[in-house]
Amino acid sequence: MEELAHRDSRFSWLESAGEILDMFPMGIMIVSEDERILYINSSALEILGCKSRGELVGTTCLDRLCPDKHGDCPMLMGVETKHSGEKWVTRPDGSRVCILKNVFRANIVSSCLRLEVFQDITSRRIAEDALTKKKELLDGIASSALDAIIVMNAKGEVVVWNRSAREMFGYTKQEAQGQDLHDLVAPPEFKPLIEDGMQEFRKKGSGPAVGKVVELVAVRKNGSRFPVELSLASYPNRGGYWAVATVRDITERKAAQDELERRKNELEELNRRLVENQEELLQAKKMASIGKLAAGIAHEINNPMGYIKSNLITLGDYLDKFRTLIEKYREVISYVSPTCGAETEKMLEDLGKAESEEDMDFIFEDSRSLVAESVEGSSRVQKIVMDLKAFSHLGMSEVQETSIDACIEAAADMVRPVMPENCRLDLSLAAAHKLRCRPAKIKQALYNVLVNAAEAVGENGTITVSSKNDTDCIVVEVSDDGTGIPDEHIANIFDPFFTTKEVGTGMGLGLYTTYRIVKDHGGEITVTSKPEHGTTVRIVLPLKDASDLEE
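Just so you know, the residues in each chain are numbered from 1, in the order the chain's sequence is written. Since the coordinates come from a predicted model, pLDDT governs what is reported: local features require at least 70, and pairs of side-chain atoms require 80 or more to be given and counted, while whole-chain, interface and lining totals use all residues. Only hydrogens and water are set aside when side-chain values are computed; all heavy atoms of the structure are taken into account.

### Re the packing of helix α13 (residues 404-415) against helix α14 (residues 439-457)
In this description, a line fitted to the C-alpha atoms serves as the axis of each element, helices being fitted only across the stretch in contact, and the angle between N-to-C directions of two axes falls anywhere from 0 to 180 degrees. Secondary structure is summarised from DSSP: a helix means a run of H or I of at least four residues, a strand means a run of E of at least two, and numbering begins at the N terminus for each. One can describe the packing of α13 onto α14 by two numbers: an axis separation of 8 Å at closest approach and a directional angle of 50 degrees. The pairing of α13 with α14 is recorded here as oblique in orientation. The handedness of the crossing between α13 and α14 is right-handed. Together, I404, C407, I408, A410, A411, A412, M414 and V415 of α13 and P439, I442, K443, L446, Y447, L450 and V451 of α14 make up the contact between the two elements. For the contact of α13 with α14, the per-class residue count stands at 14 nonpolar, no polar and one charged. Orientation categories follow fixed angle ranges, with anything under 35 degrees roughly parallel, anything over 145 roughly antiparallel, 65 to 115 roughly perpendicular, and all other angles oblique. Note on convention: near helix rotated counterclockwise from far helix by under a right angle means a left-handed crossing. Clockwise means right-handed. Here, residues are in contact when the closest pair of their heavy atoms is within 4.5 Å. Ten residues, namely Ala, Val, Leu, Ile, Met, Phe, Trp, Tyr, Cys and Pro, are considered nonpolar, four, namely Asp, Glu, Lys and Arg, are considered charged, and the remaining ones, Gly among them, are considered polar.

### Some thoughts on the environment of N102
On the secondary structure map, N102 appears in strand β4 (residues 96-108). Spatially, the C-alpha atoms of N102 and S84 are 4.2 Å apart, while their sequence positions differ by 18 residues.

### Topic: α13
Taking 1.5 Å of rise per residue, 12 residues should cover 16 Å, and α13 covers 17 Å from first to last C-alpha, within 8% of that figure. If you check which residues of α13 are buried, you get I404, D405, C407, I408, A411, A412 and V415. Viewed along the axis of α13, the buried residues span an arc of 155 degrees, placing them on a single side of the element. Here a polar contact is recorded for every N or O atom pair within 3.5 Å, except that within protein the pair must consist of a potential hydrogen donor and a potential acceptor, and residues adjacent in sequence are included only if both atoms are side-chain atoms. Measuring from the side-chain oxygen of the N-cap residue of α13 to the backbone nitrogen of D405 gives 3.3 Å; that N-cap residue is S403. Each helix should span, by expectation, one fewer than its residue count multiplied by 1.5 Å. Three exposure classes are used, based on accessible area relative to the maximum for each residue type with a 1.4 Å probe and protein chains only: buried under 20%, partly exposed in between, and exposed over 50%. What the arc covers is the set of directions going from the helix axis to the C-beta atoms.

### Observations regarding the state of the cysteines
When the sulfur atoms of two cysteines come within 2.5 Å, that pair is taken as a disulfide. Enumeration over the complete set of coordinates arrives at zero disulfides. Summary of cysteine pairing: C437 is not part of a disulfide, and the nearest cysteine sulfur, belonging to C407, is at 5.3 Å.

### Things to note about the pattern of salt bridges
By convention in these notes, a salt bridge is any Lys or Arg side-chain nitrogen within 4 Å of a carboxyl oxygen on Asp or Glu. Under the defined criterion, the tally for this structure stands at 28 salt bridges. As a salt-bridge pair, E229 and R253 come within 2.9 Å of each other at their nearest N and O atoms. Highlighted residues: E229 in strand β9 (residues 225-237) and R253 in helix α10 (residues 251-336), separated in sequence by 24 residues. Taking relative accessible area as the criterion, R253 reaches 31% and is therefore assigned partly exposed. Close ionic contact of E259 with R262 constitutes a salt bridge, the shortest N to O distance being 2.4 Å. With E259 and R262 both in helix α10, this residue pair falls three residues apart, about one helical turn.

### Description of the packing of aromatic side chains
The pairing test for Phe, Tyr and Trp rings, Trp by its six-membered ring, is centres within 6.5 Å, and the orientation test on the planes gives stacked under 30 degrees, edge-to-face over 60, and tilted for anything in between. Under the definition given, this model contains four aromatic pairs. When the ring of W161 is compared with that of F169, the centres are 5.7 Å apart and the planes differ by 45 degrees; the resulting orientation is tilted. Overall, W161 belongs to the buried group, its relative accessible area being 3%. The ring of F226 is capped by R220, whose NZ or CZ atom sits 3.9 Å from the centre of that ring. Either the NZ atom of lysine or the CZ atom of arginine qualifies as a charge over a ring when it sits within 6 Å of the ring centre and within 35 degrees of the ring normal.

### Brief notes about the sheet that holds strand β14 (residues 462-470)
Across the sheet, five strands lie side by side as β12-β14-β15-β17-β16; this open sheet has mixed pairing. Sheet topology places β12 (424-430) and β16 (524-530) at the edges, where each strand pairs with a single neighbour. If you compare each strand with its neighbour and ignore which way they point, the axes differ by 10 degrees on average. Summarising the sheet, strand β15 (residues 473-480) and strand β17 (residues 534-542) pair through eight bridges and their orientation is antiparallel. Looking at the pairing, V475 lines up with V540 of β17. The criterion for strand pairing is that DSSP finds at least two bridges linking the strands in question.

### Here we look at the sheet that holds strand β7 (residues 158-161)
Taking strand neighbours across the sheet as the criterion, the five strands line up as β7-β6-β10-β9-β8 in an open arrangement whose pairing is antiparallel. Each end of this open sheet is capped by a strand with a single partner; those strands are β7 and β8 (213-219). Between one strand axis and the next, the sheet turns by 30 degrees as a mean value, whatever way the strands run. Summarising the sheet, strand β6 (residues 148-152) and β7 pair through three bridges and their orientation is antiparallel. By the bridge assignment for β7, M152 is matched with V158. Running over the sheet, helix α9 (residues 191-204) touches β6, β9 and β10 (240-249) and is turned about 130 degrees from β10.

### With respect to the confidence of the model for the chain
Each residue carries a pLDDT value, the predictor's own confidence for that position, ranging from 0 to 100. A residue-level look at the chain finds 72% of positions with pLDDT of 70 or above and a mean pLDDT of 77. Across residues 67-79, where pLDDT falls below 50, the model places 29 contacts with residues more than four positions away in sequence or in other chains. Here residues 503-507 is a poorly scored stretch, pLDDT under 50, and it has seven contacts once near neighbours within four places are set aside; other chains count.

### Looking at α9
When the terminal C-alpha atoms of α9 are compared, their 20 Å separation across 14 residues agrees well with the 20 Å that a helix rising 1.5 Å per residue should span. Considered for burial, the residues of α9 that qualify are G197, M198 and F201. End-on, the buried residues of α9 take up no more than an arc of 110 degrees, which puts them together on one face. Turned more than 90 degrees away from the buried face of α9, the exposed residues are P192, K203 and K204. Close packing links the buried residues of α9 with β6, α8 (181-185), β9 and β10.

Right, here's the structure in full:
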């Protein structure tokens, strides 16, 4: 410094100024117009890794600090009055240091000098470079992720918005950043719940969805909604809590799940139908066997019952004729008795005594009653045989288009003779549409229901029959105010041979036959009943093509 001041009196002031500059913690260097270092303080020597000022003072700045930048160093004199920037410098020991320089140009004592003030920012620069690399790595990972990755600050504003988020929601990174995340992607009706959750999130970094994987509905930029799977985590940052959201579009997965559920339901339905069909097949086989047995029994019973009934009727006629003859004999005896001899009179007395002892009048009356009861019993047996025949031939009947009301009236006509004397049968018929069916079987089904109703109401009951059209079907209801059916019997009333009647008064085939006829016509039959308050039988027959009945 002394040598420099001695050679050039213009820089003599540096001797006194250098003592002051040497106290600064930052590196300070003064460079002349010809790029020679005039002064460097102790802090600069330490930063540049030099042991003494002699190593640098008097040397060219470019030679020592920018050996590879001859002629194009942005810090050269004349480029600009003031400049700042970062630069990596190689120390004498080969190590490198990053310095932040602030360069000033000034005219001092008729000389144009450059003042360089710099500090070592190597550690900061290395940390920033590492941070930059990490950020680039994270940006690369986020950009390549198939899921949308979104970072939200404590205010709920978007900080990070990756490529998948842009493709998923339709907003560019510039459109999304700084915007309220929930305003962008959440349905409006969920805003109150979200705001409640955000209050907890701002205080504690927790919430209903934090730390969990949940399925939600999101909204795209175009307003369309779609299902998403949200994974949300929080972390403290800048005095608050930030959130990292991983969002996955599960539209295809939900569609696949729905399709799987649909197919599962279809399989369950097919399995249910298979079980039903199997049960129906087994039942059909059982019924076919029972039907064959019933047909055989009916055939075997019908023939002898025919001549038994015929013989009983003939016997009744014979008894009438025999009684008529006896009455004639009595008239003759009463006529000849006064005029006959003692011997004949004795014989007539013995005959009258024998008749009195045998109580022939009672025998005549009781025989007639016995014959009548036997005829009635044989008629009942024949009715049972007819039911057995109907049971074993349910599929037989000609298919034709007919009025259900006409079938109801015909069944009512058949049942009136067997109804109690004071029982009422009211018809309210309004089924205008005709039904393609087997009329004989429909009449039989209705007759069976009416007979059951008549037996339930007793002497002073009322039976009401109604019919109506209902969209694509005809509904027939038969209601009575009779004794009703106990709850424990409702489930069994359509079973074959199930009956609550006394032994000998019914076989339990009537309602089963009705059930099969209705089912064969594609219909439904249900029974509702309350003990002591009556029963209602509801029959629904579809108004559809009955081509399946042609079999």
